[in-house]
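The primary structure of each chain is shown beneath.
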Amino acid sequence: MNFVAGVGRLFLAFLWHTGHLAIFTAAALSHSVRPPIFGRLIVRQLIEIGYFSLPVVGLTAIFTGMVLALQSHTGFAGFAAESAVATVVVLSMTRELGPVLAGLMVAGRIGAAMAAEIGTMRVTEQIDALVTLSTNPYKYLVAPRVIAAVVALPLLVIVDDAIGVFGGFLVSVYNLGYNPSTYINSSWDALKTVDVLSGLVKAATFGFIIALMGCYNGYNSRGGAQGVGQATTNAVVSASILILTFDYVLTALFFNR
Amino acid sequence: MSAIPKIRMRDLHKRFGAKPVLDGVSAEIAAGESFVIIGGSGSGKSVTIKCILGLLHPDSGSIEIDGIETVGLHGRARDELMRKFGMLFQGGALFDSLRVWENVAFGLIQGRRMEAAKARERALETLAQVGLGADVGALWPAELSGGMQKRVALARAIAARPEIIFFDEPTTGLDPIMADVINDLIVKCVKELGATAVSITHDMHSARKIGDRMAMIYGGKLIWVGRTAEIDTTDNPYVQQFVHGRADGPIRMEVRG
């Protein structure tokens, strides 16, 4: 009987959290599109999310591209490896690895920071102070982060794609001895608009997920330092899981026809 | 007392889970009056003022400001109402990411759409009112001592010249001299503004100094309300025990939550 009660409680808690998150998402979206928009805060977040994430995202991309080239060279040895490697690298980077790896890295870096900052503001009553100063916390804290993340992630992914493809090119040409112009032509021939477009749509979606999870967990954190720590962990874990889930959903929508 | 009180609470109830925190709080506070609610930790003092401010929603009961019901008020009407309020939080709740003058000017710029230059001028004037020079305005909150942070928080609470100011444990965590300085500043600022003040504290020295009338909250109810001078002559055993800080008496402190 206790087991059944436990399952019931878990199910009710799940429903409560889902409803709570849905209401938060609706409020975040609504405040992101309605004026007033805090331009200065959006620019600050754009710099934080986009510019300062470049090194970590760039490093991830270059090594991913290099590894992809090495691995696919091994796999395609004897099967027109030169064009196959270029195709695998460029399609994997633009369709999948670019947006997913950038999303996961930014979730770790930015999602955690958002949850920690907003969580600290919650437990030190700074969010209550915003309300008493006639400022809507959704408008001031959540909307700028959501807008900036949705804009910054696709921009990051464009750079990320380019660096990843360049990493594959470096290994293919200087390590595996491929012809550089053949490699570039093969990459160019394999690439379609939908490959890049799907990656950018994924990036914008992941940006929304990262900001939403960071803000939601921070906004609802309770109980001092421990609560803020928990919110930070939850923000990164939930954003990472949702990124992988939505990656499948979007891939199915774009390519599974 | 004028016909319409500035604040009227009637039969406020609020519970968190199974625990009732407010169990029928009723009070009337006249315009220009300084009303102090005393009571032990966890007695519902903070919840009472957070309900008046709209930061918490009471489960039942009525809160009128200037004769207008405010429970359930939202949107533009709530925004208009919030402009009447100023609040000094227990821990200051200063925004770490903003300089001192920006903290003080925050409500003017964001809440009242005042030009930044004009708001800065007003912020520096208000800082001077609480005994802080213009040089302090350029500092970050983390660079200030506890007493200075309280003064800045007081300046922020009064900068927009609110009609009602709430003080949440204004002297907690301060040395006795600084606590008395803050008490004097509160009395001076409230008088200069002609505002209504609602304070919650367990510091009896502070309560005597800043209050015209006092109420004691215990078990979620206001068990005693009277003039400040009457606090020492009442035969209410709960008030007697609290005022004299005795462990023995009808008030049993909860050692478990």
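Keep in mind it's a predicted model, so treat the numbers as computed, not measured.

Visitor: What exactly am I supposed to notice about the overall build of chain A here?
Guide: The helix and strand inventory of chain A stands at nine helices and zero strands. Seen along its three principal axes, the alpha-carbon backbone of chain A occupies a region of about 65 × 55 × 35 Å. Within chain A, the fraction of its 257 residues that count as buried is 46%. Counted over contacts in chain A with a minimum sequence separation of 6, partners at least 24 positions apart contribute 85%. Carbon and sulfur atoms make up 72% of the accessible area of chain A, which totals about 12,300 Å². Taken together, the 13 basic and 11 acidic charged side chains of chain A have centroids lying 11 Å from each other.

Visitor: For this particular structure, what's the right way to read the interface of chain A and chain B?
Guide: One widely used convention gives an interface's size as the accessible area the parts lose upon coming together. Opposite the 15 residues of chain A that make contact, chain B presents 23 residues. A buried area of about 1,600 Å², summed over both sides, lies between chain A and chain B, and 59% of it is on carbon and sulfur atoms. When the buried area of chain A at its contact with chain B is split by residue, Glu125, Thr132 and Leu133 of chain A rank highest and sum to 35% of it. Measuring nitrogen to oxygen at the nearest pair gives 3.6 Å for the salt bridge that ties lysine 50 of chain B to aspartate 128 of chain A. Connecting chain A to chain B are two residue pairs in polar contact (both at pLDDT 80 or more). Per-element accounting of the side of chain A that touches chain B gives the leading share, six residues, to helix 5 (residues 126–132) of chain A. The residue makeup of the side of chain A that touches chain B, split by class, is eight nonpolar, five polar and two charged.

Visitor: What exactly am I supposed to notice about helix 6 (residues 146–159) of chain B here?
Guide: In an α-helix there are 3.6 residues to a turn, and that puts residues three or four apart on one side. Spanning 14 residues, helix 6 of chain B covers 20 Å between terminal C-alpha atoms, matching the ideal 20 Å at 1.5 Å per step. Burial analysis of helix 6 of chain B places eleven of its 14 residues in the buried class, the great majority of the element. Close packing links the buried residues of helix 6 of chain B with helix 5 of chain A together with strand 6 (85–88), helix 3 (100–111), helix 4 (116–129), strand 7 (164–168) and helix 7 (176–193) of chain B. Arginine 161 of chain B sits one or two positions beyond helix 6 of chain B and adopts a positive phi of about 50°.

Visitor: Quick question: what am I supposed to make of the nonpolar core here?
Guide: General note: in soluble globular proteins, nonpolar side chains tend to be found buried as a group. Within the largest apolar cluster, 78 residues are counted, with the highest numbers of intra-cluster contacts made by Ile49 of chain A together with Phe166 of chain B. Split by domain, this core shows at least three residues from each of two domains, domain 1 (1–84 + 162–257) and domain 2 (93–159) of chain B. Among residues more than four places away in sequence, those in contact with isoleucine 49 of chain A are Val106, Ile110, Met114, Arg145, Ala148, Ala149, Ala152, Leu153 and Leu156 of chain A. Formed by 48 residues, the second largest nonpolar core is a distinct cluster that contains Val100, Leu144, Ala195 and Ile210 of chain B.

Visitor: Where do I start with the pattern of salt bridges in this structure?
Guide: Here the idea is simple: oppositely charged side chains can pair when their charged atoms come close. All told, the structure shown has 23 salt bridges over all chains when counted by the stated rule. Between glutamate 96 of chain A and lysine 202 of chain A there is a salt bridge, with the nearest N and O atoms lying 2.7 Å from each other. Here lysine 202 of chain A lies in helix 8 (residues 193–219) and glutamate 96 of chain A lies in helix 4 (residues 81–123), a separation of 106 residues in the sequence. Between glutamate 64 of chain B and arginine 10 of chain B there is a salt bridge; the shortest N-O distance is 3.1 Å. Residue glutamate 64 of chain B is found in strand 4 (residues 60–65), and its partner arginine 10 of chain B is found in strand 1 (residues 7–16); the two are separated by 54 residues along the sequence. A relative accessible area of 13% means that glutamate 64 of chain B is categorised as buried. Beyond isolated ion pairs, a larger network of salt bridges with shared partners links Arg122, Glu125 and Asp128 of chain A together with Lys50 of chain B.

Visitor: Sorry, what's going on with the packing of aromatic side chains here?
Guide: Here a ring pair, both rings aromatic, is described through the centre-centre distance and the interplanar angle of the planes. This model, assessed by the stated rule, comprises 13 aromatic pairs over all chains. Considering the side-chain rings of tyrosine 138 of chain A and tyrosine 219 of chain A, the 5.3 Å spacing of their centres and the 35° angle between planes classify their relative orientation as tilted. Of the two residues, tyrosine 138 of chain A sits in helix 6 (residues 137–175) while tyrosine 219 of chain A sits in helix 8, which places them 81 residues apart along the sequence. For the residue pair tyrosine 138 of chain A and tyrosine 219 of chain A, the accessibility class agrees, reading buried in each case. Ring plane angle 40° and centroid distance 6.2 Å describe the contact between phenylalanine 254 of chain A and phenylalanine 255 of chain A, whose orientation is recorded as tilted. By relative accessible area, phenylalanine 255 of chain A is classed as partly exposed at 27%. Directly above the aromatic system of tyrosine 219 of chain A lies the positively charged group of arginine 122 of chain A, at a separation of 4.7 Å from the ring centroid. Across from the ring centre of tryptophan 101 of chain B, 4.9 Å away, lies the NZ or CZ of arginine 120 of chain B, which sits over that ring.

Visitor: Looking at this structure, I do not really get the pairing of strand 6 of chain B. What am I missing?
Guide: Residues and elements named next belong to chain B. Of the two faces of strand 6, the one carrying Phe85 and Met87 and the one carrying Gly86 and Leu88 are both buried. Where strand 6 meets strand 7, four bridges bridge the pair, whose relative direction is parallel. What sits directly across from glycine 86, in strand 7, is isoleucine 165.

Visitor: Would you take a moment to explain unusual backbone geometry for this structure?
Guide: Note: most peptide bonds trans; most residues except glycine with negative phi. All names here are of chain A. Put simply, proline 35 and proline 36 share a cis peptide bond, and its omega is 0°. Positive phi outside glycine occurs at serine 134, with the angle close to 60°. Residue placement: serine 134 occurs in the loop between helix 5 and helix 6.

Cut-offs and rules
- Going along each chain's sequence as written, the residues are numbered from 1 onward.
- To read the labels, note that chains go from A and ligands from 1, taken in the order they are written.
- At least 70 in pLDDT is required for a residue's local features to be given in this predicted model, at least 80 for side-chain atom pairs to be given and counted, and no such filter applies to totals for whole chains, interfaces and linings, which use all residues.
- With hydrogens and water set aside, each side-chain value is computed from the structure's full complement of heavy atoms.
- Put simply, DSSP marks the helices as runs of H or I at least four residues long and the strands as runs of E at least two long, and each gets a number from the N terminus on.
- Relative accessibility under 20% of the residue-type maximum defines a buried residue, over 50% an exposed one, and the middle range a partly exposed one, all with a 1.4 Å probe and only protein chains included.
- Contacts are assigned to residue pairs that have any heavy atoms within 4.5 Å of one another.
- The accessible surface values rely on the Shrake-Rupley method and a 1.4 Å probe; as for residues, cover is taken only from the protein chains in view.
- For the purpose of counting charges, residues Lys and Arg are taken to be positive, whereas Asp and Glu are taken to be negative. His and the chain ends are not included.
- Lys charges are placed at NZ, Arg charges at CZ, Asp charges at CG and Glu charges at CD.
- By buried area we mean the combined loss of accessible area, with a 1.4 Å probe, across both parts when two parts are placed together.
- Any carboxyl oxygen of Asp or Glu within 4 Å of a side-chain nitrogen of Lys or Arg constitutes a salt bridge here.
- Polar contact is the term for a pair of N or O atoms within 3.5 Å; when the atoms are in protein, one must be able to donate a hydrogen and the other to accept it, and sequence-neighboring residues count only if both atoms are side-chain atoms.
- Just so you know the grouping, Ala, Val, Leu, Ile, Met, Phe, Trp, Tyr, Cys and Pro go in nonpolar, Asp, Glu, Lys and Arg go in charged, and all remaining residues, Gly too, go in polar.
- What a helix should span is 1.5 Å times the count of its residues minus one.
- Here, nonpolar core means buried Ala, Val, Leu, Ile, Met, Phe, Trp, Tyr and Cys residues that are tied together by side-chain atoms lying within 4.5 Å of each other.
- Domain delimitation follows an automatic or database domain assignment.
- Aromatic pairs are defined between Phe, Tyr and Trp rings, using the six-membered ring for Trp, whenever the two ring centres lie within 6.5 Å; interplanar angles under 30 degrees are classed as stacked, those over 60 as edge-to-face, and all others as tilted.
- In this scheme, Lys NZ or Arg CZ marks a charge over a ring once it lies within 6 Å of the ring centre and within 35 degrees of the ring normal.
- Strands qualify as paired when DSSP identifies two bridges or more between them.

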